[in-house]
Amino acid sequence: MYVAVKGGEKAINAAHRLLAQVRRGDTAVPELGVDQIMEQLSLSVDRVMAEGALYAPELAALAVKQARGDLVEAIFLLRAFRTTLSRFGSSLPVDTAAMRVRRRISATYKDLPGGQILGHTFDYTHRLLDASLLTRAAEGLQASKAETARPSAAHACPAQPGIATNSRAPDSAAPANSVAEQPSSPANPLPEAPRSYAKVMDFLEKEGLLPTPAKEGTNGAAAAPADITRSALTLPAGRDARLQNLARGDEGLMLALAYSTQRGYGSTHPFAGELRMGSVEVRFVPEELGFAVVVGRLPLTECETVNKFHGGNGVKPCFTRGYGLSFGENERKALSMALVDRALQSGDYDEPVKGPAQDEEFVLSHSDNVEASGFVQHLKLPHYVDFQAELALVRGMRQAMETTGGAGHSAAEGEQE
């Protein structure tokens, strides 16, 4: 036993070294930097932060690099790091109505106060491969090789005051309100609209056609929300716990479940009431101060869907809502989450449960890709003793069948099939 463990340790160390070599790849190709991942693979970084339940763009980019682009593994890494952090309090609920919007659309109203803000989106692209990106990538590689061939900074001439050290114009030369004034990065998102916008769902609430969130079964402002990171999830779960679970849930499963509701396994085909993306203030009340202070801004994607409800049990016909919220730019996840959230409210409206997306136990117990990955991948670990036990059991069963003549009967049936 101990000899096997020692031998396995050497093999594992060798596997680690081999993994580092494979991760690096061809050394003739410049190594991918964490800053490049943050800037150019920002959607991957946003997903890792959302499902890793930790807003830390640099660490999420590091996890993507360490995991060789495997986002589920990167989420696992970030989630594991998150467990080592100490918690000193909880922030106040963010006010998404005050969001500094850089994208805002609605499928329910064409003429919104403030207008539709399309922003940067794949929605209107032709989904054709852009071969020019290959050319630009090759040019960038050549430039990088040329930069490597230049003398190091220690031997280079020092920069002189008043002389630009690169070919890009200084930011001061850029026109007012230009992109140069507000550089883009996950920590400092793209330039935002100068003001916030009223929420589309407020229009329906004021008309009495849409219940307010407090009337939909949430805990309300007075009650402390559930925290599934501190207490184990119990079923049936409140909507606050369900939303936390969905926010950390695997985007692929959320998308599949949302799609299933539209195909009849849940009978929901909602309207996108509003989908908005921008940054919101995060406020915290330190005990020593007793009042709220702004500790930063977070980029968020929020989606609210509108579903028709025929009424019943004394409730007039109205609309209901699904809700989705995610770190960063994560529209597909937020929209899918909103559809699944509404499907899980079937019991609140006495609707028949006809699909897996409406089954709370099924959805909440299988949506966490970190837990799912652990259960599935543990099959790769040694199960020698377990298999030997089952091997002995199957051999005994076969021997018993042969003794009673059942084996010949089974073989004959197999030949007929």
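The structure under discussion appears in the preceding block.
Each chain carries its own residue numbering, running from 1 in the written order of its sequence. With pLDDT at 70 or above as the cut-off, local features in this predicted model cover only qualifying residues; side-chain atom pairs require 80 or more to be listed or tallied, and sums for whole chains, interfaces and linings still use all residues. The basis for every side-chain value is the complete set of heavy atoms in the structure, and neither hydrogens nor water enter the calculation.

Draft legend 1. Representation of the sheet that holds strand 3 (residues 293–309) within the structure. At least two bridges found by DSSP between two strands is the condition for calling them paired. Numbering of helices and strands runs from the N terminus; a helix is a DSSP stretch of H or I covering at least four residues, while a strand is a stretch of E covering at least two. Read across the open sheet, the 4 strands follow the order 1-2-3-4; overall the sheet is antiparallel. Edge positions in the open sheet fall to strand 1 (100–105) and strand 4 (318–327), since each of these has one partner strand only. On average, each strand axis in the sheet is tilted by 20° relative to the strand beside it, whichever way the strands run. As judged from the 13 bridges shared by strand 2 (residues 271–284) and strand 3, these two strands associate in the antiparallel manner. Across the sheet, Leu 275 pairs through a bridge with Cys 303, a residue of strand 3. All axes are obtained by fitting lines to C-alpha atoms, using only the stretch in contact for helices, and the reported angles, taken between N-to-C directions, cover 0 to 180 degrees.

Draft legend 2. Representation of helix 13 (residues 384–404) in the model. By this rule the span expected of a helix is its residue count minus one, scaled by 1.5 Å. With 21 residues, helix 13 should cover 30 Å at 1.5 Å per step; its first-to-last C-alpha distance of 30 Å lies within 8% of that length. Here the term buried applies to any residue with accessible area under 20% of the maximum for its type, exposed to any over 50%, and partly exposed to those in between, with areas from a 1.4 Å probe on protein chains only. Little of helix 13 sits out of view: just 0 of its 21 residues are buried. Positive backbone phi, at 85°, marks Gly 405, one or two positions downstream of helix 13.

Draft legend 3. Quick peek at the side chain of Arg 342. Along the chain, the position of Arg 342 falls in helix 10 (residues 331–343). Among all residues touching Arg 342, those that are not within four sequence positions of it are Asn 307, Thr 320, Arg 321, Gly 322, Tyr 349 and Glu 351. It only takes one pair of heavy atoms within 4.5 Å for two residues to be counted as in contact.

Draft legend 4. Here's a closer look at the pairing of strand 1. Taking burial as the measure, the 6 residues of strand 1 include 5 buried ones, the bulk of the element. Alignment of strand 1 against strand 2, held across 5 bridges, turns out to be antiparallel. Note that in strand 2 the partner of Ile 105 across the bridge is Leu 275.

Draft legend 5. Representation of the side chain of Gln 345. Structurally, Gln 345 is set in the loop between helix 10 and helix 11 (360–366). Accessibility expressed as a relative area gives 0% for Gln 345, which makes it buried. If we skip the residues at most four places from it in the chain, Gln 345 touches Arg 239, Arg 242, Arg 321 and Gly 322.

Draft legend 6. How the structure looks around the pattern of salt bridges. Each salt bridge in this description consists of a side-chain nitrogen of Lys or Arg and a carboxyl oxygen of Asp or Glu lying within 4 Å of one another. According to the stated counting rule, one finds 19 salt bridges in the structure shown. Salt-bridge contacts for Arg 47 lead to Glu 51; the nearest nitrogen and oxygen are separated by 2.9 Å. Of this pair, Arg 47 and Glu 51 both sit in helix 3 (residues 42–52), 4 residues apart, roughly one helical turn. Like Glu 51, Arg 47 is buried. Between Arg 79 and Asp 368 there is a salt bridge whose closest N-O contact spans 3.1 Å. Of this pair, Arg 79 sits in helix 5 (residues 71–82) while Asp 368 sits in the loop between helix 11 and helix 12 (369–377), placing them 289 residues apart in sequence. Per residue, the accessibility class of Arg 79 equals that of Asp 368, and both read buried. Several salt bridges share partner residues, and in doing so they unite Lys 199, Glu 205, Glu 302, Glu 304 and Arg 321 into one network.

Draft legend 7. A look at helix 8 (residues 239–248). Extensive coverage of helix 8 is indicated by the burial of 8 of its 10 residues. The set of residues buried in helix 8 consists of Arg 239, Asp 240, Ala 241, Arg 242, Leu 243, Asn 245, Leu 246 and Arg 248. Tucked into the core, helix 8 has its buried residues touching helix 3, helix 5, helix 9 (251–262), strand 4, helix 10 and helix 11.

Draft legend 8. Up close: the nonpolar core. Note on terminology: a nonpolar core comprises buried Ala, Val, Leu, Ile, Met, Phe, Trp, Tyr and Cys residues joined through side-chain atoms within 4.5 Å. Formed by 18 residues in total, the largest nonpolar core has its most connected members in Val 45, Val 48, Ala 60, Ala 61, Val 64 and Ala 74. When contributions to this core are tallied by element, the ones reaching two or more residues are helix 2 (34–40), helix 3, helix 4 (57–66) and helix 5. Ignoring anything within four residues of it in the chain, the contact list for Ala 60 reads Val 45, Val 48, Met 49 and Leu 78. Ranked by size, the runner-up nonpolar core spans 17 residues in total, among them Leu 246, Met 337, Val 340 and Val 363.

Draft legend 9. Quick look at the environment of Glu 360. Tracing the backbone through its elements, the reader meets Glu 360 in helix 11. For the pair Glu 360 and Arg 242, spaced 118 residues apart in the sequence, the C-alpha separation amounts to 8.5 Å. If sequence neighbours within four positions are ignored, Glu 360 has contacts with Leu 235, Pro 236, Ala 237, Arg 242, Leu 344 and Ser 365. Any N or O atom pair separated by 3.5 Å or less is treated as a polar contact, with the protein-specific requirement of one donor-capable and one acceptor-capable atom, and with residues adjacent in sequence counted only for side-chain atom pairs. A polar side-chain atom of Glu 360 sits 3.5 Å from a polar atom in the side chain of Arg 242.

Draft legend 10. Highlighting the packing of aromatic side chains. Pairing of aromatic rings covers Phe, Tyr and Trp, the last counted by its six-membered ring, and requires centre-to-centre distances within 6.5 Å; plane angles under 30 degrees mean stacked, over 60 mean edge-to-face, and any other angle means tilted. Going through the model one piece at a time under the given rule, you end up with 4 aromatic pairs. Between Phe 88 and Phe 284 the ring centres are 5.5 Å apart and the planes differ by 90°, which places this aromatic pair in the edge-to-face class. Of this pair, Phe 88 sits in the loop between helix 5 and strand 1 while Phe 284 is found in strand 2, placing the two residues 196 residues apart along the sequence. For Phe 88, a relative accessible area of 71% gives the class exposed. Centroid distance Tyr 109 to Phe 203: 5.9 Å. Interplanar angle 85°. Geometry classified as edge-to-face.

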